[in-house]
Protein chains: 2
Amino acid sequence: MDVKGYIGKILKVNLTDHTIKEFSLDKNIAKKYLGGKGYAIRLLYEYLNEFEKHGIDVKNIHPFSEYNVLIFATGPATGIIGFPSSGRYHVIALKSPLTKSIASANSGGKFGPFMKFAGYDIIIFEGKSPEPVYLEIIEGSVELKSAKHIWGKSTFETTRILSQKVGKNCSVACIGPAGENTVHFACVINEEHRAAGRTGIGAVMGAKKLKAIVVKGNTKPEIAKPDEFKQISKNVLIKIKKNPFTGKELPKYGTPFLVNVLHKAGAIPSRNWQKCYYNENELNKISGETLVEKYIKTRSACWGCPIACAKRTEVKNDMFYVSNTEGPEYQSIWAFGITTEVIDLDVIIKAHNLCNELGLDVISMGSTIACAMELYEKGHISKEELQDLKLSFGNAGAIIEAIWRTAYKIGFGKYLALGSKRLAEIFGAPELSINVKGLEIPGFDPRAIKGLGLNYATANRGGCNVTGYTLFSEILGFPKKVDALTYEGKAMLVKNFQDFTCVVNSTVSCLFTTLAIGVEDYAKMLSCITGFEFNANELMKIGERIYNLERLIINKYGFDEKHDILPKRLLNEILPKGPAKGHVVELEKMKEEYYKLRGWVNGRPTKEKLKELDIP
Amino acid sequence: MDVKGYIGKILKVNLTDHTIKEFSLDKNIAKKYLGGKGYAIRLLYEYLNEFEKHGIDVKNIHPFSEYNVLIFATGPATGIIGFPSSGRYHVIALKSPLTKSIASANSGGKFGPFMKFAGYDIIIFEGKSPEPVYLEIIEGSVELKSAKHIWGKSTFETTRILSQKVGKNCSVACIGPAGENTVHFACVINEEHRAAGRTGIGAVMGAKKLKAIVVKGNTKPEIAKPDEFKQISKNVLIKIKKNPFTGKELPKYGTPFLVNVLHKAGAIPSRNWQKCYYNENELNKISGETLVEKYIKTRSACWGCPIACAKRTEVKNDMFYVSNTEGPEYQSIWAFGITTEVIDLDVIIKAHNLCNELGLDVISMGSTIACAMELYEKGHISKEELQDLKLSFGNAGAIIEAIWRTAYKIGFGKYLALGSKRLAEIFGAPELSINVKGLEIPGFDPRAIKGLGLNYATANRGGCNVTGYTLFSEILGFPKKVDALTYEGKAMLVKNFQDFTCVVNSTVSCLFTTLAIGVEDYAKMLSCITGFEFNANELMKIGERIYNLERLIINKYGFDEKHDILPKRLLNEILPKGPAKGHVVELEKMKEEYYKLRGWVNGRPTKEKLKELDIP
C-alpha cells in the first residue's frame with residue numbers, strides 16, 4: 001500500500017467453508033477511520049448494509065450465529081517503534097452475547113504488533129466452523145488448522161502449546177474453557193495475561209469454534225517521515241516520563257494506584273453498589289502500595305510501552321497460592337475484593353489469575369458474583385438454588401468456587417455465566433444488576449464522578465469507563481483538572497473523551513498515553529507515520545465519525561435514548577459516605593446537553609450530523 | 001424366564017449404529033454365574049473369544065475404543081424385598097483406562113432395582129456413539145436419545161434434569177464432566193451420591209459418549225418360594241440387627257466408624273504411605289464420632305437396606321460450604337484428609353461432594369493428589385510444573401483446586417487425570433505411586449493387616465479392599481476373629497473372601513451383610529428366590545468360578561504373577577509407629593500358599609482348575 005504505517009492487507013477468513021481471502025486496505029477508508037476500531041466499525045457497517053440488502057433482520061442476529069462477524073484490527077501506529085504504547089489491538093464483533101449490542105474490546109501485550117508483522121492489518125472472521133480450529137499466520141502464509149488437541153485447554157496451556165509449535169517470536173490470542181462454553185462475558189487472552197476483556201468476545205469466538213490465532217513474521221510497517229517522527233517521538237516520550245501518572249504512579253503501582261486515589265474521592269462502590277467503601281485502613285490492605293510491598297516480584301510491559309504499568313506478582317499463602325502471574329489491575333481488586341467485600345489481596349490475585357487462565361472478564365465476573373450476593377441477601381435466590389456455593393458478601397471461598405462454576409456452567413454457575421443483567425432478571429430483581437445496556441459498570445462510582453456517569457449512560461458498548469475516561473480529568477486532573485462533583489461542562493468533556501478515545505483505539509495505542517499527551521501529539525505522530533496530513537481538529541472529527549458510526553449501528557439494533565440510562569440505584573440512592581456523601585447522578589440535564597453537542601435526537605445521529613461527518 | 005428372581009431379559013445396545021436388541025437370560029449361565037458381576041464376566045469372556053476369532057488383539061484393545069464393552073448388571077436378589085441390601089448393581093467393562101485390565105465397580109442407591117423393574121437384568125453397551133446420547137428405559141420401552149443438552153453438566157444436574165423429564169420413581173446413573181473428559185478414574189454416579197467408583201468406568205462411558213441411563217418401571221421379579229423366603233429373611237434380618245457393626249456402628253456412624261478402629265490397629269497410612277497416622281487427638285477431629293456430633297443432619301439408606309449406613313451432612317464453614325450432601329465415607333476421609341494430611345472434615349466433605357458432582361473416584365483422586373505431593377516434596381515435580389497448584393502435604397486449598405483441575409484437565413490437572421501410576425512414571429519415580437496393577441490402594445495399611453496385603457496383590461481389578469475384605473475378620477472379628485499381624489491361614493482367608501465376594505457381587509447384594517450373615521444364609525435365600533437348589537459349597541464354587549474366569553480374562557491381557565505384587569514401600573519400609581510398628585508385608589510365602597489353594601501356576605489358573613470349575 002502506498003500509505004505508510006500500514007501493511008496494507010486485510011484477511012478474510014470464512015469459518016463455515018474454511019475459505020481464506022485477502023484484499024487491500026482502502027486508502028480512503030484509512031484516511032477517514034484510521035484503523036483499529038475505526039476501520040473495523042466501518043467494515044461491520046458494510047456487513048450490516050449487505051445483510052439488510054439480503055433481507056436479513058440485523059436487529060435479531062444471534063451473537064452465536066454464523067452471521068456474527070468478528071474482526072481483529074491493528075492501526076497505523078501499531079508496532080511502530082517510538083509511538084508510545086503501540087502494542088495494542090482492537091477486537092470487535094457485530095453482536096455481543098452479554099449486551100446484544102456491538103461487541104468491542106482492546107488488549108495490549110504484543111499480539112497487535114505481531115499480527116501486523118505477520119502481514120495483516122486486519123483479520124475478519126465470518127461464519128462458524130463445524131469443528132474447532134485455530135488460525136496460523138506465519139510471515140503472510142495463512143492456514144486454518146484443527147484445534148481438536150487444544151479444545152478444552154486453558155488460555156495458559158493453549159498459548160504454550162501453540163508458541164512451542166511455532167517457535168520464538170510469535171504471539172497467541174486465544175480463548176479458554178469459558179469462551180468454548182460460551183459464557184456470556186468470556187474474553188480473549190493474549191500473552192497469558194492480556195485480555196480483550198469486555199462484552200464477551202471470547203464467547204463469540206467459542207461459538208465460531210475459533211480457539212486461537214497465532215501470528216509470527218517480520219513484515220515491518222514503514223514510516224513516511226522517519227526523521228521528523230523520531231524528533232516528535234522523543235518529545236512525546238519526555239512528556240510521558242514527566243507526567244506524574246504515566247511517569248511515576250503507573251510504573252510503580254500499576255492501575256492499583258487508583259485504590260487510594262479513588263478512596264480520597266469517595267468513589268469506590270461496594271456491596272454491589274449498596275455502599276461506598278470509605279475505610280482507609282481496610283483499603284490499605286488491598287492498595288497499590290501494599291501490592292508493591294508484599295506481592296510484586298518484577299515489572300512488566302506491553303510491546304513498545306514506556307509506561308510499563310504491568311506487574312508480575314505471586315501469592316505465598318497456601319490456600320490461595322499463585323506462583324507467578326500478572327496483575328491484578330484496579331478493576332480486579334474492585335470486582336473481587338471490594339464490591340464482594342472480600343478485602344484480601346490473596347483472594348483477589350488468585351481470582352484474577354484464574355479468570356485469565358479460564359478466559360473470563362474480571363469486571364463482569366466479580367460484578368455478577370456481587371449481584372448474586374445481593375440477590376441472595378435479599379431473598380431473591382434461595383439457599384437451595386445456590387446449592388453448595390455460598391454467595392455471601394465477604395466469603396472468600398465463594399469467589400474462587402464461583403469462577404470455576406461459571407467457566408464450566410456447573411451448578412449455579414450456569415446462571416452466573418449469563419452475566420448480572422440476565423441473572424437479576426431471572427431471579428426477579430432486575431434493579432440489582434448495576435449495568436448499562438447489559439454491560440456491568442466498572443468500579444468507579446459516578447455519583448462521585450459526574451462526567452463518568454454521563455459517559456456510562458451514553459457509551460456505545462454499555463457500562464464502560466474506557467469509552468470516555470473522564471476520570472482522568474475529574475479525578476487525576478489530566479490533561480486538565482475539572483471538578484468531579486459538578487455537572488457543568490461535563491457533556492462536552494464526555495464527548496471529547498469519547499471521540500478522542502475512538503482516535504486512540506483506531507491508532508491503536510493505549511489510553512494511558514492521553515494522560516500525558518494530547519490529540520495534537522497524536523496528529524503530529526500519525527501524520528509523520530502515514531504521510532496523511534492530520535491536524536488535531538481533523539483527528540477529533542475522525543473520532544467523532546467513528547463514534548457516530550458505531551452509534552448508527554447500535555441504533556439499527558434498537559438501542560437509543562431509552563438505553564442511554566443509568567441503573568436506578570445511581571440515580572436515586574444517595575452515596576452514604578465520603579466526600580460525595582448525599583450525591584446521586586442527575587443524568588437528564590447532562591444528557592440533553594450531550595445530545596445537543598452530538599447532534600443527536602433521541603439518542604440517534606441526525607441525517608445532518610451524518611452528512612457533516614461524511615457517513616454514507 | 002422360568003427361573004424366578006430374574007426378569008429374564010438382556011438388552012444389547014450398539015452405540016455405534018444405535019441398534020438395540022433384546023435377548024433372553026440363559027438359565028444355565030444364571031445357574032453357574034448367578035447374575036451381576038458373574039454373569040457380566042461371562043459375557044465379557046464370550047466377547048473376547050469372539051474378538052479373538054476375528055483376529056483382534058484383545059490384549060491391546062484400547063479402553064476408549066469402540067471394542068470396549070460395558071455392562072450394567074443386576075442379580076437374582078436385586079430388587080427383592082426381604083433380601084437385605086439388595087439395592088445394588090455391578091458395572092464392568094473389558095478395559096479400564098486406569099489399569100488397562102478389566103474394569104469393575106459396584107454401587108448402591110436404587111438404580112439396580114429400578115433397572116430391573118424397568119424390565120432388564122443386564123444391559124450391554126457395544127461400540128461408540130458419534131454424538132452424546134443417553135439411554136432411557138421406561139417399562140420395557142427402550143430409546144437412545146440425544147444427550148446434547150446435558151453434555152457438560154454435573155452428575156447432580158444431569159440426574160435432576162432427566163428425573164424431572166421422566167417423572168417420579170425413576171433412577172439415573174450418569175457421568176459428570178470428569179467422565180466426559182475421560183479422566184482415567186472417572187466414576188459412574190447414581191442418586192447423586194452413590195458411586196460405581198473404581199477403575200474409571202465413567203471414562204469408558206465418556207469415551208462412548210454415553211452420558212446416562214434412566215430407568216423406570218413396575219416389572220417386579222418373582223420369588224420361587226415366597227413363604228419359605230419370608231421366614232429365612234426374617235431370621236437374617238435379626239442377625240443383621242444383632243451384629244455390632246451392621247446393627248450399630250454402621251447405622252450410627254457409617255463407614256467413618258473405621259477411623260478410630262483402624263487407628264487402634266495402627267493401620268492408617270498417611271503422607272502417601274510414608275507414615276502411619278497414629279495420633280488419637282488429631283484423628284478425633286475427623287472420626288465418625290465427630291462427624292455425628294458436628295456434621296450429620298439425617299440418616300439415609302440404599303433401596304431395601306436394613307443397615308442404612310449413609311448419612312446426609314453439611315459444612316457450615318463459609319470457606320468450604322456444602323449445603324446438603326451424602327457422605328463422607330471412611331475412604332474419602334482417608335483420601336482427602338489423612339494421606340494428604342489435611343485433617344479437616346470441612347475440606348474432606350467439600351472434596352467428597354465435589355468428586356460426586358464432577359464424577360471422580362475419591363480413592364484414586366485423593367491418592368493421586370498425595371502421590372503428587374510426595375513427588376513435589378522429593379523434587380520430582382518442579383514448582384513451575386505445578387504452576388498455581390501448591391501440592392504440599394497439609395494444604396487444604398490444593399485439595400479443592402486439584403479436583404477442579406483434574407476433572408477438566410486444566411494445568412497440572414492433566415497429569416493428575418491419569419492416576420498416580422502414570423503420574424509417578426511420567427515424573428520419574430514410579431515407586432511413589434502406591435498402586436497394584438494401576439489401581440490406587442485404599443487407606444488400610446496391609447503392613448498392619450497381612451491378609452489384606454495378599455488380597456491387594458492378587459485382586460483381579462488391582463489394589464482393592466473390597467475384592468477380598470479380610471479386614472472384616474482381621475480387624476473387626478467377623479464372621480470370626482483372626483490375628484491381623486500373623487500370616488498363618490491368610491491365604492485361605494483371602495481366597496474365601498474373594499470367592500464369597502464374587503457371590504455377593506453376583507447376587508447382587510452389599511458386602512456389609514457378610515459381617516452378619518454367611519454363605520449358608522445366601523444359599524438359602526438364593527434357593528428360595530430362584531428355585532435353584534444351592535448349598536453353601538455350591539455357592540462358594542460359583543464364586544471361585546467367577547474369580548477364575550475373571551483371572552483368565554486378565555491373563556489374556558498379560559497380567560500374571562509378575563503383577564500380583566505390592567508396592568515396594570509396603571514390602572520394604574517398616575511401619576514407623578503403632579501396634580504394627582516395625583512390620584512390612586512378607587508377601588511371597590502367602591502368595592505361594594494362595595496360588596496352591598487356587599490351583600494357579602504363575603498367577604494363571606491351570607487347565608485342570610478350569611476344567612474342575614467347568615470354565616469352557
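Residues numbered from 1 in each chain as written. Chains lettered and ligands numbered in written order. Predicted model: local features only at pLDDT ≥ 70, side-chain atom pairs only at ≥ 80, totals over all residues. Heavy atoms only, no water.

Please explain the domain arrangement of chain A as it appears in this structure.
Size of an interface, as often reported, equals the accessible area lost when the parts are brought together. All names here are of chain A. Domains assigned within chain A are domain 1 (9–216), domain 2 (270–288 + 295–429) and domain 3 (440–612). Centre-to-centre, using C-alpha coordinates, domain 2 lies 27 Å away from domain 3. Contact residues are listed per partner, giving 20 residues for domain 2 and 18 residues for domain 3. With both sides pooled, the region where domain 2 packs onto domain 3 buries about 1,400 Å², and carbon together with sulfur makes up 61% of that total. On the domain 2 side of the contact with domain 3, W273, C276 and Y278 bury the most area, a combined 44% of that side's loss. (Domains from an automatic or database assignment. Contact = heavy atoms within 4.5 Å. Buried area = accessible area lost by both parts, 1.4 Å probe.)

Mind showing me how you'd approach the pattern of salt bridges here?
Where charged atoms from two side chains of opposite charge approach closely, those side chains can pair. Under the criterion given, the structure shown has 95 salt bridges over all chains. A salt bridge links A:K556 to A:E52; its shortest N-O distance comes to 3.0 Å. In this pair, A:K556 sits in helix α23 (residues 536–556) while A:E52 sits in helix α2 (residues 36–53), placing the two residues 504 residues apart along the sequence. You can call A:K556 partly exposed: its relative accessible area is 23%. Notably, a salt bridge pairs B:E550 with B:K37, separated by 3.0 Å at the nearest N-O pair. Residue B:E550 is found in helix α23 (residues 536–556), and its partner B:K37 is found in helix α2 (residues 36–53); the two are separated by 513 residues along the sequence. You can call B:K37 buried: its relative accessible area is 7%. The structure contains a network of salt bridges with shared partners spanning A:K495, A:D499, A:K541, A:E544, A:R598, A:K609 and A:E612. (Salt bridge = Lys/Arg side-chain N within 4 Å of Asp/Glu carboxyl O. Helix = DSSP H or I, 4+ residues; strand = E, 2+ residues; numbered from the N terminus. Buried < 20%, exposed > 50% of the residue type's maximum accessible area, 1.4 Å probe, protein only.)

Looking at this structure, how should I read the pairing of strand β12 (residues 210–216) of chain A?
Where a strand is regular, its side chains alternate between the two sheet faces. All names here are of chain A. Most of β12 is tucked away: 6 of the 7 residues are buried. The pairing of strand β7 (residues 133–138) with β12 spans 6 bridges and is classified as parallel. Counted as the bridge partner of V133 is L210 from β12. (Pairing = 2+ DSSP bridges.)

What exactly am I supposed to notice about the packing of aromatic side chains here?
The relative placement of two aromatic rings is captured by the distance of their centres and the angle of their planes. Overall, the coordinates contain 56 aromatic pairs over all chains when judged by the stated rule. Within the aromatic cluster, the residues linked to one another by ring pairs are A:Y330, A:F444, A:Y469, A:F472, A:F497 and A:F512. (Phe/Tyr/Trp six-rings, centres within 6.5 Å; stacked < 30°, edge-to-face > 60°.)

Explain the side chain of B:E341 to me, please; I cannot follow it from the model alone.
Within the secondary structure, B:E341 is located in the loop between α12 (330–338) and α13 (345–358). Polar side-chain contacts of B:E341 include one of 2.7 Å to the side chain of B:R271. (Polar contact = N/O pair within 3.5 Å; in protein donor to acceptor, adjacent residues only side chain to side chain.)

What is the right way to look at the relation of the copies chain A and chain B in this model?
Superposition of the two copies of the chain requires a rotation about an axis together with a shift along that axis. Note on the copies: chain A fits chain B at an RMSD of 0.0 Å, the axial shift is 0.0 Å, and the rotation between them is 180°. In short, the pair behaves as if placed about a two-fold rotation axis. Across chain A, the smallest distance between a C-alpha and the rotation axis is recorded for A:W404, namely 3.7 Å. Mapped onto chain B, 100% of the interface residues of chain A are again interface residues, and the two copies thus contact each other with one and the same surface. (Least-squares fit on C-alpha atoms with pLDDT ≥ 70 in both.)

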